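# Notes for the structure review
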Amino acid sequence: MRYEAPDTIDQAVQMLAEADGLTRVLAGGTDVIVQLRSGMVEPDLMVDIKRIEAMHAITAEGGGFRVGAAVSGAQLGEHEGVKALWPGVVEAVELIGSTQVQGRATMAGNLCNASPAADSVPALVVAEAVASIVGPEGRRDVPVDEITTGPGKTTLAKGEIVESILLPARPANSGDAYLRFIPRTEMDIAVVGAGISLTLNDDGTCAAARVALGAVAEVVLLVEPAADALIGSRLDEAALDALAAAASAACRPIDDKRGTIEFRTKVAGVLARRAAVIAQTRARG
Amino acid sequence: MSQIHVSTTINGDPVEYLCEPDETLLDVLRDRLGLTGSKEGCGSGDCGACSVTVDGRLVCSCLMLGAEADGKQVGTIEGLAEGENLHPLQRKFLEHAALQCGVCTPGFLVAAKSLLERNSDPTETEVRYWLAGNLCRCTGYDKIVRAVLDTAHDMKGA
């Protein structure tokens, strides 16, 4: 394996585009180095993007924040602005691994690793986050829900790198939340994850909502019928019941050692319901 | 496969080494530099026995390439004591008998030092969450948590 750590994204793109064989981008490395050491992947070239200064920046943009691809979970969690605007995204990122893993792991890496159980992705999908991708053909902006196509699979072309993720501005009276189920309190992979973002009208009714579920299908699911169950309501019991039912109905999980199909389907509804109430509380300020 | 030349700083001292592109920082520390205090438990970032700091951030050295340390400030367990003078955390671990076999202890100490640098007065819950990525299969954790809380208590009184 060849290791390169270029100073600019153009150099990084060129190296990846021109390389023969298997390539990997190295951001935090908390997935890719485990895969490398266990022999799951044998890259010919690994391009470390952390020497590229812009990759480490969190910058205000149009009322939202642009988060560089090398920003660690720890760095994101220390950013008061992002925490205030998108607390659900920050809490989802902070659920990934231990303090040690947080020192390295990145949101962009969590997205590009393309695990259906990635904690940050449901939160990013409901936030309508946009990945800024640079490649041999130039730059393109892609909604995060169009990045992954299955476990370990993305729509990124050869030579393309996610440079940053934009967390957009949001209307007043908005809130988001992410919850996951694991059989312990820390350090595990989601059995089910649920992200909710919503905006309330002045009268307290729900003006807009997005609901996304993790670990219940081959990709993170954006569940529109679940969002529709909330819109127009005050998140009363009937609306929350309808939300939970719609969330469960959308699930098409696998049975594995972490959970059964039946369990995941049920828990998806429970978590969606609880996350909605937290998002509502945050939206009320 | 050509080796990579790395210039870094470890526990305040400038260090240079050659390493393979796919060699972890942990392997460099242990096998090339003789700094065997950092341990390999799992090799996958789950146990924390290889904890070090890089530019002040707590990380698993098994989840980082040696090549990535170029130009960085690395802190290992060997940097805790000053000569014969143990770090307050080390003294408290001994006082509370917060170790049995000792394999996890360097990682716990490096992680606990990193916590106390950020939060000099942590609650028990904060200590337990901060150290959730450090596994110990001997002690049941209580003695470790008490040692960290007692260190914070003493350092605050100092």
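See the structure shown above.
Attention in this report is confined to the structure presented alongside it. (Residues numbered from 1 in each chain as written. Chains lettered and ligands numbered in written order. Predicted model: local features only at pLDDT ≥ 70, side-chain atom pairs only at ≥ 80, totals over all residues.)

A few words now on the pairing of strand 3 (residues 51-54) of chain B. On a regular strand, one side chain projects to one face of the sheet and the next to the other, so that they alternate. Residue and element names in this part refer to chain B. Relative to strand 4 (residues 57-60), strand 3 runs antiparallel, the two sharing 4 bridges. Residue serine 51 lies in a different strand from strand 4, and its bridge partner there is cysteine 60. The antiparallel pairing of strand 3 with strand 4 creates a hairpin that spans 2 residues between the two strands, and aspartate 55 there sits at a positive phi of about 50 degrees. Pairing geometry for strand 3 and strand 5 (residues 73-75), over 2 bridges, is antiparallel. In the sheet register, valine 54 faces strand 5, and the bridge partner there is valine 74. (Pairing = 2+ DSSP bridges. Helix = DSSP H or I, 4+ residues; strand = E, 2+ residues; numbered from the N terminus.)

Another aspect to go through is the interface of chain B and chain A. Think of interface size as the accessible area that goes away when the parts come together; that is how it is often given. In this complex, chain B contributes 22 residues to the contact, which on the side of chain A involves 21 residues. Those elements that place two or more of their residues in the side of chain B that touches chain A are strand 4 and helix 4 (124-130) of chain B. Residue contributions to the side of chain B that touches chain A peak at 4 residues, all from strand 4 of chain B. (Contact = placed C-beta atoms within 7 Å.)

Residues and elements named next belong to chain A. Strand direction decides the pairing type here: strand 6 (residues 130-135) and strand 7 (residues 138-143), joined by 6 bridges, are antiparallel. For isoleucine 133, the partnering residue across the bridge sits in strand 7 and is arginine 140. Hairpin connection of strand 6 to strand 7: 2 residues between the antiparallel strands. Pairing geometry for strand 6 and strand 10 (residues 161-167), over 5 bridges, is antiparallel. Bridge assignment links serine 132 to a residue of strand 10, and that residue is serine 164.

Take the sheet that holds strand 10 of chain A next. Residues and elements named next belong to chain A. Ordered in space as 4-5-10-6-7, the 5 strands form an open sheet in which the pairing is antiparallel. Strands with a single pairing partner mark the edges of an open sheet, and in this sheet they are strand 4 (58-61) and strand 7. With strand direction ignored, the average angle separating the axes of adjacent strands in the sheet is 25 degrees. Helix 1 (residues 9-18) contacts strand 6 and strand 10 of the sheet and is inclined by roughly 130 degrees relative to strand 10. (Axes fitted to C-alpha atoms, helices over the stretch in contact; angles between N-to-C directions.)

All names here are of chain A. On the secondary structure map, asparagine 173 appears in the loop between strand 10 and strand 11 (174-181). Counting along the chain gives 26 residues from asparagine 173 to threonine 199, while the straight-line C-alpha distance between them is 5.6 Å. Ignoring any residue separated from it by four or fewer positions in sequence, one finds asparagine 173 in contact with Thr199, Leu200 and Ala283.

Residues and elements named next belong to chain A. Leu213, Ala247 and Ala272 are the most contacted members of the largest nonpolar core, which has 141 residues in total. Tallying contributions element by element places helix 11 (residues 261-283) first for this core, with 8 residues. When sequence neighbours within four positions are dropped, the list of residues in contact with alanine 272 reads Ala194, Ile196, Val211, Ala226, Leu243, Ala244 and Ala247. (Core = buried A, V, L, I, M, F, W, Y, C linked by C-beta atoms within 7 Å. Buried ≥ 20, exposed ≤ 12 C-beta atoms within 10 Å, placed from the backbone.)

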